[in-house]
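# Topology and contacts: notes
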Amino acid sequence: DACINAFVSANLPKEQPITVRKEEVAASPISIHARAYKIVVSATGVESGKRLARGTCIVNRDGEVVALNGKPLSTKLASR
C-alpha cells in the first residue's frame, strides 16, 4: 500500500479520482530471502484506457518504500 500511495502522490493530480486494483503475483522461494522487493505500478484512464503513468517501487522487508522510479524517497512521502 505504501508503494501505491507514493506512486499516486508523485504521479497523479490531487483532484484526480482513483480506484486501486491490485494484481497479486505468487512469490517465488527466492523472494523469501530478499532484502527488498520490486513492485511495478501503473495508472490507466478509466474512460480512455490510456496509460497515464507507470513506475517502479523498491520496498524493504518492513513494507517501507525506499525508492520510486529509481529515486530514493524521503521518509515523509514513503509513509503516506
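Just above sits the structure.
Residues numbered from 1 in each chain as written. Predicted model: local features only at pLDDT ≥ 70, side-chain atom pairs only at ≥ 80, totals over all residues. Heavy atoms only, no water.

## Observations concerning the pattern of salt bridges
All chains considered together, the criterion is met by one salt bridge. In this structure, the salt-bridge partner of Asp-1 is Lys-22, at a minimum N-O distance of 2.3 Å. Residue Asp-1 is found in the segment before α1 (2–11), and its partner Lys-22 is found in the loop between α1 and β1 (36–44); the two are separated by 21 residues along the sequence. According to the relative accessible area criterion, Lys-22 is partly exposed, its value standing at 47%. (Salt bridge = Lys/Arg side-chain N within 4 Å of Asp/Glu carboxyl O. Helix = DSSP H or I, 4+ residues; strand = E, 2+ residues; numbered from the N terminus. Buried < 20%, exposed > 50% of the residue type's maximum accessible area, 1.4 Å probe, protein only.)

## Observations concerning the state of the cysteines
A covalent bond between the sulfur atoms of two cysteines is referred to as a disulfide. Scanning the model with the defined rule gives one disulfide in all. The disulfide partner of Cys-3 is Cys-57, and the S-S distance across this bridge is 2.1 Å. Between Cys-3 and Cys-57 the disulfide shows an S-S torsion of about 95°. By sign, it is right-handed. Of this pair, Cys-3 sits in helix α1 while Cys-57 is found in strand β2 (residues 51–60), placing the two residues 54 residues apart along the sequence. (Disulfide = S-S within 2.5 Å.)

## What to know about the pairing of β1
With nine bridges joining them, β1 and β2 adopt antiparallel strand pairing. Within β2, the residue paired with Ile-39 across the bridge is Cys-57. The turn joining β1 and β2, which pair antiparallel and follow one another in sequence, is formed by six residues; a positive phi near 75° is taken by Gly-49. (Pairing = 2+ DSSP bridges.)

## What to know about the environment of Val-59
Tracing the backbone shows Val-59 in strand β2. Each C-alpha atom of the pair Val-59 and Cys-3 lies 7.3 Å from the other, and the pair is 56 residues apart in sequence. In this structure Val-59 touches Cys-3, Arg-35, Ala-36, Tyr-37, Ile-39, Glu-64 and Val-65, once residues within four positions along its chain are discounted. (Contact = heavy atoms within 4.5 Å.)

## Considerations on the side chain of Asn-60
Assignment of secondary structure puts Asn-60 in strand β2. Judged by its relative accessible area of 18%, Asn-60 is buried. Residues within four places of Asn-60 in sequence aside, it is in contact with Arg-35, Ala-36, Tyr-37 and Val-66.

## Concerning the nonpolar core
Cys-3 and Phe-7 are the most contacted members of the largest nonpolar core, which has 13 residues in total. Those elements that provide at least two residues to this core are α1, β1, β2 and β3 (65–68). Looking at this core, the element that brings in the most residues is α1, giving five residues. Apart from the residues within four sequence positions on either side, Phe-7 is in contact with Leu-12, Val-41, Ser-42, Ala-43, Ala-53, Arg-54, Gly-55 and Leu-68. (Core = buried A, V, L, I, M, F, W, Y, C linked by side-chain atoms within 4.5 Å.)

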